[in-house]
Amino acid sequence: MPKSKRSKVVSLTKVEKKGREHKNALLQEVQENADKWQYCWLFEVGNMRNSHLKTVRRLWKDTARIFFGRGAVMAKALGTTVEEEHRLGLHKLAKQIKGQVGLFFTNSSPEEVTEWFADFKQPDFARAGNRAARTVVIPAGPVMQQHATPPEPFPHNEEPQLRKLGLRTRMDRGVPTLDVSHTVCVKDKVLTPEQAQLLKLIGLKMVTFKVGLRARWDSASGEVVQIEGQEVEADEAAAEDVVEAEDGDEQMSD
C-alpha cells in the first residue's frame, strides 16, 4: 500500500547563523579599509530601503567603500577607547555608532561628498507606522492609478482589492468607481497597513530615502569633525500638504 503523503516528513531548509568567523572577517575588512582610505564618514539613513542603498553603493563603487548594519562589530573594529582604537582618533567615531548607521570610506574631498549626499534623495512608498506627509483624498468617480502619465483608471479585476482596503466602490462600465470621495489618510496621522498598501496601489510616494552625514574622520590628523544640518527624519517626506488623487502626478511623484 503506498504511503500517505500526509505522513511525509518535509525537511525545512536550514540557514546557518553567521558566527564568530564571519564577525572576525567583517571586523578585519573594516580595519583594512580604515588603513586604505583618507576619510571615514559616519552616516544615518532616513526611510531605509535596500534598493536605494544599493544604488549608492553602485554609484560610488570605484571611489568608496560602504558598511551598513552590525554596528557593534563596526564599533569594535574601529575601537571604542583610546587604548583599543585601530588608528588615531577612530574611537571618537566608534562611540557614535548607534542605531541605523553606516561607515563610508573614501578619498573624495569633504566638499564633494557633502554636496553629493545633500542632492541624493529617492522618493518611495510609505510603510505602516510612518506618519502621513499630507492628506490624500480620492474624489468621487473612477478610481485612478497615479503610476501612469496621465493617470489611468484601475482595471476591473483590481476592485476586490480596493474594497478590501476600505474603498466602497462599484463597477461602472468595467471601472471601479466611487459615488462619494474617500479620505485615504490625514496629514501627521500614523498610517495603518491598509492605508500604506492603498497608497502604494494608487501610486502615491510619501517618504524620501535620504542619507545624512553625521561625522567625518580624517586619517591625516586623526580628528573627527561633527557634521551639522544633515540630520534625517524617519518620516521625512516629499509632498504637498493636501493633494487630491485626481490631480497631476507632478505633485504626487516628487
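Analysis parameters
- Residues numbered from 1 in each chain as written.
- Predicted model: local features only at pLDDT ≥ 70, side-chain atom pairs only at ≥ 80, totals over all residues.
- Heavy atoms only, no water.
- Axes fitted to C-alpha atoms, helices over the stretch in contact; angles between N-to-C directions.
- Helix = DSSP H or I, 4+ residues; strand = E, 2+ residues; numbered from the N terminus.
- Parallel < 35°, antiparallel > 145°, perpendicular 65-115°, else oblique.
- Left-handed = near helix turned anticlockwise from the far one by under 90°.
- Contact = heavy atoms within 4.5 Å.
- Nonpolar A, V, L, I, M, F, W, Y, C, P; charged D, E, K, R; others polar.
- pLDDT = per-residue confidence, 0-100.
- Patch = residues over 30% accessible without salt bridge, like charges linked within 9 Å, V, L, I, M, F, W, Y side chains within 5 Å.
- Areas by Shrake-Rupley, 256 points an atom, 1.4 Å probe, with all protein chains shown as cover.
- Salt bridge = Lys/Arg side-chain N within 4 Å of Asp/Glu carboxyl O.
- Lys, Arg positive; Asp, Glu negative; His and termini not counted.
- Charge placed at Lys NZ, Arg CZ, Asp CG, Glu CD.
- Buried < 20%, exposed > 50% of the residue type's maximum accessible area, 1.4 Å probe, protein only.
- Phe/Tyr/Trp six-rings, centres within 6.5 Å; stacked < 30°, edge-to-face > 60°.
- Lys NZ or Arg CZ within 6 Å of the ring centre and 35° of its normal.
- Pairing = 2+ DSSP bridges.

Colleague: Break down the packing of helix 1 (residues 20–36) against helix 3 (residues 71–78) for me, with residues and values.
Modeller: In the contact formed by helix 1 and helix 3, the axes pass within 9 Å of each other and the chain directions differ by 50°. One way to sum up the angle between helix 1 and helix 3 is to call them oblique. For the pair helix 1 and helix 3, the crossing hand works out as right-handed. Where helix 1 abuts helix 3, its residues Lys-23, Leu-26, Leu-27, Val-30 and Gln-31 lie against Val-73, Lys-76, Ala-77 and Leu-78. Residues that form the contact of helix 1 with helix 3 fall into these classes: six nonpolar, one polar and two charged.

Colleague: Before we move on, can you summarise the confidence of the model for the protein with the specific residues and values?
Modeller: Predicted confidence across the protein gives a mean pLDDT of 87, with 84% of residues reaching 70 or more. Scored below 50 in pLDDT, residues 234–254 shows 58 contacts in the model against residues more than four places distant or in partner chains.

Colleague: Requested: an account of a negative patch on the surface, with residues and values cited.
Modeller: On the surface, Glu-111, Glu-112, Glu-115 and Asp-119 cluster together into a negatively charged patch. Position of Glu-111 among the secondary structure elements: in helix 5 (residues 110–119).

Colleague: Go over helix 3 with me, naming the residues and quoting the values.
Modeller: Of all the residues in helix 3, the buried ones are Val-73, Met-74, Ala-75, Ala-77 and Leu-78. Its buried side turned inward, helix 3 meets helix 1, strand 2 (64–68), helix 4 (90–94) and strand 3 (101–106). Positive backbone phi, approximately 95°, marks Gly-79, located one or two places after helix 3.

Colleague: How would you explain the packing of aromatic side chains if you had to name every residue and give the values?
Modeller: Inspection of the entire model under this criterion finds nine aromatic pairs. Between Trp-116 and Phe-120 the ring centres are 4.9 Å apart and the planes differ by 10°, which places this aromatic pair in the stacked class. Taking relative accessible area as the criterion, Trp-116 reaches 25% and is therefore assigned partly exposed. Under the relative-accessibility criterion, Phe-120 is labelled buried at 9%. On the numbers, 6.3 Å between centres and 90° between planes, the contact of Phe-120 with Phe-209 is edge-to-face. A residue pair is termed long-range when its members are at least 10 positions apart, and Phe-120 in the loop between helix 5 and strand 4 (121–124) and Phe-209 in strand 12 (residues 207–218) qualify at 89 residues. Using a relative accessible area of 0% as the deciding quantity, one classes Phe-209 as buried. Within the aromatic cluster, the residues linked to one another by ring pairs are Trp-60, Phe-104, Trp-116, Phe-117, Phe-120 and Phe-209. It is Lys-205 that lies over the ring of Phe-125; its NZ or CZ is 5.6 Å from the centre.

Colleague: Residues and numbers for the pairing of strand 12, please.
Modeller: Extensive coverage of strand 12 is indicated by the burial of eleven of its twelve residues. Bridge count for strand 1 (residues 39–46) against strand 12 is eight bridges, and the pairing is antiparallel. In the strand pairing of strand 12, Glu-44 is matched with Gly-212. Note: strand 4 against strand 12, four bridges, orientation antiparallel. Of the residues in strand 12, the one forming a bridge with Asp-124 is Val-207. Sheet topology places strand 12 next to strand 13 (residues 224–226); three bridges connect them, and they run antiparallel. Paired with Arg-216 across the strands is Val-225, a residue of strand 13. Taking the residues between adjacent antiparallel strands as the criterion, strand 12 and strand 13 are bridged by five residues, where Gly-222 takes a positive phi near 80°.

Colleague: How would you summarise the environment of Val-73 if you had to cite specific residues and measurements?
Modeller: Looking at the secondary structure, you find Val-73 in helix 3. With a relative accessible area of 11%, Val-73 lands in the buried category. Sequence separation of Val-73 and Gln-28 is 45 residues, and the distance between their C-alpha atoms is 9.9 Å.

Colleague: Describe in detail unusual backbone geometry, supporting the description with residues and values.
Modeller: The backbone phi angle of Asn-47 is positive, close to 55°, even though this residue is not glycine. Mapped onto the elements, Asn-47 comes out in the loop between strand 1 and helix 2 (50–59). For Asn-47, a relative accessible area of 7% corresponds to the buried category. Of note, the phi angle at Arg-173 is positive, near 55°, even though the residue is not glycine.

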